[in-house]
Amino acid sequence: MWRLALRTLKFRRTSFVATFLAMFLGAAIVIGCGGLMETGVRMAADPQRLTGAPVVVTGEQTYDSNALTERHRIDPGLVDEVARTEGVREAVADVSFPATVLKDGKPLTGEDASYGHGWAGARLTPYALAAGASPVTGGEVALDTRLAERAGARPGSFVDVVVRGETRRYRVSGTAAQRGDHNPDAAVFFSDDEARALAGGRIDSIGVLPETGAPTSAVAAAVRSAVGDRAEVLTGERRGLAELPGTLSSRRTVVILAAIFGSSVVLIVMFGVASTLGLSLQQRSREMALLRAVGSTPRQLRRMILCETAVLSAGSVLLALYPGQLLGRLLFGVLTSSGVVSSSIVYHAGWMPMAVGVVVTVLAAAGATRFAGRRAARTEPVAALAENDAATRWFSVPRLLLAVFFLVNGIGLAVATATVMEDGPSLASTAGPASVLFCIGLALLAPGIVKAMTALLWLPVRALTGVCGQLALRNATTANVRMAGAVAPIVLLIGIATGTLYMQATEDAVSQRSYDRNILADYVLDSTTGGFAPDVLDRVRATPGVAAASEFVTSRGFVDTPDGPADVDLRGVSADGVAHSLDLRPVAGSLTDLRDDTVALSDKKAGEYGVRVGDRLPMHLGDGTAVRPTVVALYTDNPKQQYLTLPASALAPHTGDGLPHQILVRSAPGALAEAHDHLARLAAAVPGTELDDGSSLAGRNNQIQQILVAANYTIVAMIVGYAAITVVNTLVAVTRKRRAEFGLQQLTGATRRQVLGMLTVEGVLIGVIATFLGTIASATTIVPYSMVKADSYLPSGSIGIYLAVVGGSLVLVFGATLLPSWRGMRTPAVETVKAA
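Below is a short write-up of the structure. The structure displayed is predicted, hence computed values, not measured ones. (Residues numbered from 1 in each chain as written. Predicted model: local features only at pLDDT ≥ 70, side-chain atom pairs only at ≥ 80, totals over all residues. Heavy atoms only, no water.)

1. A few points about the side chain of Glu38
With respect to the helices and strands, Glu38 occurs in helix α2 (residues 13-42). Overall, Glu38 belongs to the buried group, its relative accessible area being 16%. Excluding its chain neighbours within four sequence positions, the residues that come into contact with Glu38 are His348, Ala349, Gly350 and Pro353. (Helix = DSSP H or I, 4+ residues; strand = E, 2+ residues; numbered from the N terminus. Buried < 20%, exposed > 50% of the residue type's maximum accessible area, 1.4 Å probe, protein only. Contact = heavy atoms within 4.5 Å.)

2. Let's talk about the packing of aromatic side chains
Scanning all chains against the criterion turns up 7 aromatic pairs. Aromatic pair Tyr127 and Phe189: ring centres 5.1 Å apart, planes at 75 degrees, arrangement edge-to-face. Of this pair, Tyr127 sits in strand β8 (residues 127-132) while Phe189 sits in strand β12 (residues 186-190); the two residues are 62 residues apart in sequence, bridging distant segments of the chain. Judged by its relative accessible area of 5%, Tyr127 falls in the buried class. Judged by centre distance (5.4 Å) and plane angle (75 degrees), the rings of Phe405 and Phe406 are edge-to-face. Between Arg571 and the ring centre of Tyr643, over which it is positioned, the NZ or CZ distance is 4.9 Å. (Phe/Tyr/Trp six-rings, centres within 6.5 Å; stacked < 30°, edge-to-face > 60°. Lys NZ or Arg CZ within 6 Å of the ring centre and 35° of its normal.)

3. With respect to helix α6 (residues 216-227)
Counted at 1.5 Å a residue, the expected span for α6 with its 12 residues is 16 Å, and the 16 Å between its end C-alpha atoms agrees. Of all the residues in α6, the buried ones are Val219, Ala220, Val223 and Val227. The arc that holds the buried residues of α6, viewed along the axis, is 100 degrees, so those residues lie on one side. Turned more than 90 degrees from where α6 packs its buried face, Ser217 and Ser225 sit exposed. Its buried side turned inward, α6 meets β1 (55-58), α3 (78-83), β4 (88-94), β13 (205-210) and β14 (232-235). Looking at the residues trailing α6, positive phi occurs at Gly228, about 60 degrees. (Expected span 1.5 Å × (residues − 1). Arc of directions from axis to C-beta.)

4. Some remarks on the environment of Glu762
Within the fold, Glu762 resides in helix α23 (residues 752-790). Using a relative accessible area of 6% as the deciding quantity, one classes Glu762 as buried. With 55 residues separating them along the chain, Glu762 and Thr817 place their C-alpha atoms 9.4 Å apart. Among all residues touching Glu762, those that are not within four sequence positions of it are Ala472, Asn475, Met483 and Arg738.

5. With respect to the packing of helix α12 (residues 397-419) against helix α13 (residues 427-444)
At a closest axis distance of 7 Å, the pairing of α12 and α13 adopts a crossing angle of 155 degrees. Comparing their axes, α13 and α12 come out roughly antiparallel. Relative to α13, the crossing made by α12 is left-handed. For the pair α12 and α13, contact is made by Arg399, Leu402, Ala403, Phe406, Leu407, Asn409, Gly410, Ile411, Leu413, Ala414 and Thr417 and by Leu427, Thr430, Ala431, Pro433, Ala434, Leu437, Phe438, Ile440, Gly441, Leu442, Ala443 and Leu444, respectively. Among the residues making up the contact of α12 with α13, the classes are represented as 17 nonpolar, 5 polar and 1 charged. (Axes fitted to C-alpha atoms, helices over the stretch in contact; angles between N-to-C directions. Parallel < 35°, antiparallel > 145°, perpendicular 65-115°, else oblique. Left-handed = near helix turned anticlockwise from the far one by under 90°. Nonpolar A, V, L, I, M, F, W, Y, C, P; charged D, E, K, R; others polar.)

6. Section: a positive patch on the surface
Taken together, Arg299, Arg302, Arg303 and Arg370 make up a surface patch of like positive charges. Considering every element that reaches the positive patch, the biggest residue donor is helix α9 (residues 298-337), with 3 residues. Tracing the backbone shows Arg302 in helix α9. (Patch = residues over 30% accessible without salt bridge, like charges linked within 9 Å, V, L, I, M, F, W, Y side chains within 5 Å. Areas by Shrake-Rupley, 256 points an atom, 1.4 Å probe, with all protein chains shown as cover. Salt bridge = Lys/Arg side-chain N within 4 Å of Asp/Glu carboxyl O. Lys, Arg positive; Asp, Glu negative; His and termini not counted. Charge placed at Lys NZ, Arg CZ, Asp CG, Glu CD.)

7. Structural notes on a nonpolar patch on the surface
Together, Phe395, Leu400, Val404 and Val408 give the surface a local cluster of nonpolar side chains, amounting to about 350 Å² of exposed area. In this fold, Phe395 is placed in the loop between α11 (381-386) and α12. For Phe395, a relative accessible area of 53% gives the class exposed.

See below:
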């Protein structure tokens with residue numbers, strides 16, 4: 001049987017190309033998405049600045065299994081405990097904070113953005129003195145040679161450095177050169193005491209240097225036992241996470257993206273492989289009939305088909321392993337370049353993604369073989385020989401049950417999106433797959449739907465297209481199974497592309513409008529040197545033309561509820577300026593009381609958390625610090641901008657740099673231009689300060705949205721591309737199979753133009769039916785998502801999106817039918833019919 005299968009593949013290479021391509025591309029896509037999933041789960045980063053420490057102790061970056069967005073610093077007392085641990089030669093405390101060197105009053109930024117560290121941490125990179133001496137007193141610094149060259153500094157000279165929002169003058173004690181091929185940020189080294197004081201008294205990490213000959217694993221285990229749950233011990237490629245606080249919070253994004261699109265890809269690949277293989281088997285009905293007529297049993301035919309499929313599956317998945325790896329790296333590159341994850345994160349794709357790709361492809365092929373090959377294997381020989389290629393029997397109870405399963409689940413996800421899911425990041429996890437499932441359900445019922453819609457379109461098509469249309473209508477009626485094979489992948493393409501693109505357009509538009517309405521400030525001052533010192537806010541308020549000003553800090557934290565931590569956005573503001581900076585409409589209490597240990601939140605959130613004005617709200621901030629601020633105000637809920645508001649002075653110390661990076665400014669009535677001129681002069685006097693319009697905040701929020709948009713569109717393009725390839729494969733295979741039919745039509749009097757006209761009408765019918773069904777399928781995603789996001793049944797976005805998707809689909813239809821047909825009809829009709 002294997003020999004027969006191999007000979008069949010050898011002499012029918014062309015008919016198996018589409019099936020092989022579907023398996024190959026499907027396996028590659030699944031492997032690529034699997035690589036993203038594994039990378040997100042493992043989330044490791046090669047160390048850059050801490051490469052000299054085999055073991056790193058750092059703050060626990062999770063709270064109750066939730067990733068923290070800010071650095072969780074540790075107690076300096078742990079340094080001595082770690083140093084006394086068995087196998088440890090030395091424990092080196094490490095701190096990191098923004099320290100920007102000035103030249104002619106301007107910060108050295110861009111590629112040379114720098115951070116301050118204690119000199120003891122220099123050996124962890126490692127750095128070595130290139131000239132001069134190490135810093136000893138609080139007034140000395142050692143500069144990275146890159147910074148020293150740009151600043152024109154040398155040992156003995158003086159430089160201005162912005163630290164904690166203040167400009168300070170330091171004497172350059174020496175310059176330090178990095179050894180090795182790593183590329184950490186440029187460094188400014190202070191004396192250890194000075195660095196500890198500038199960092200607020202706590203440390204970021206501890207670099208552990210083992211004794212000579214001590215195994216790293218044994219030392220790590222001993223250190224882990226010594227520190228307990230007060231810190232996290234990292235080894236190997238996970239050491240880099242100590243340099244990237246908040247990176248673990250991107251794990252959820254990567255895993256969700258991989259899970260949502262991976263599951264959709266698996267369904268689409270299984271459908272694409274099954275439909276392509278099924279079509280290939282249907283086109284071999286006469287061959288199967290002949291084998292049955294000469295004595296082959298149904299079991300022998302099933303074994304032959306299974307052997308053919310096994311050969312195709314094995315070859316396609318083996319060839320897809322390496323392209324799948326490349327595709328996964330390409331997707332990961334999009335995520336890193338768009339800012340979803342740090343470029344320091346290591347891409348991982350081990351055996352698991354490959355195994356999943358192999359299993360999905362093989363299962364899809366085996367399922368298609370079982371269902372598509374059953375009819376050919378069980379048909380009686382005489383009946384099989386009597387049947388033509390345009391067989392119309394398609395209905396079966398298993399097919400109906402499977403179609404109902406997908407349709408019901410698609411509708412169920414749409415209903416859940418509209419009624420159960422709340423507006424948030426997880427909304428797309430139910431809205432997106434709804435159209436995929438509904439498309440597959442429609443595709444399974446496509447033969448019956450095609451026949452019914454052809455009957456509805458009969459009169460207008462016949463009236464408008466004449467003889468060509470009549471031939472096309474008769475073909476569509478008698479060969480509805482064949483036409484359904486062309487319609488199904490186009491339905492999938494239109495449904496997924498339209499649903500996803502309009503879902504993203506709605507998300508962008510709603511987010512932009514909501515942010516625009518929420519920001520009342522006319523101007524925004526931005527710091528590029530680590531944040532503003534407290535006195536800058538007072539200087540802004542004293543500026544002519546300024547009516548009010550507020551510091552502005554963003555972070556994420558957790559509210560402790562009986563059901564566990566609930567993550568929430570946090571905003572830090574100044575009590576005296578918040579009413580003029582943000583559109584918060586109090587319904588209880590007063591926003592002017594936002595001072596010290598207090599919080600304000602929406603009335604809806606207060607109801608969810610069971611608090612009111614005067615109560616304490618148990619929370620954990622972005623760095624894991626537990627707080628219980630007093631609720632001093634409730635304001636009207638904005639479902640598109642849900643965040644808790646705290647004093648900037650209370651929130652900023654628990655962010656990465658410890659200072660507010662922005663100041664929102666509201667000008668006095670009629671003094672917009674005056675305020676701008678004076679603020680521009682103030683910005684020029686404060687190093688590293690930029691002045692922007694208030695609308696720039698909304699623009700930056702839109703940039704954050706675009707981070708996920710880039711990743712979203714890339715993965716959707718991959719899915720749509722696979723669906724497009726499936727469309728082309730299917731249509732080309734169907735058209736090539738009909739060459740004898742076209743030759744016979746020409747021999748009986750039809751011209752080449754009439755045959756092409758018939759195919760054009762068939763293409764129009766396919767396009768109309770597929771567009772109708774694809775639009776219905778996309779509505780299961782678009783309508784519920786728009787209802788939740790925008791309180792509208794219609795999505796945001798231009799009609800051009802829909803026209804582009806439909807137009808692109810029609811181009812594929814006509815290109816994959818007319819071009820092969822035109823090329824095929826260049827062969828004399830007699831030879832074409834004889835070859836059949």
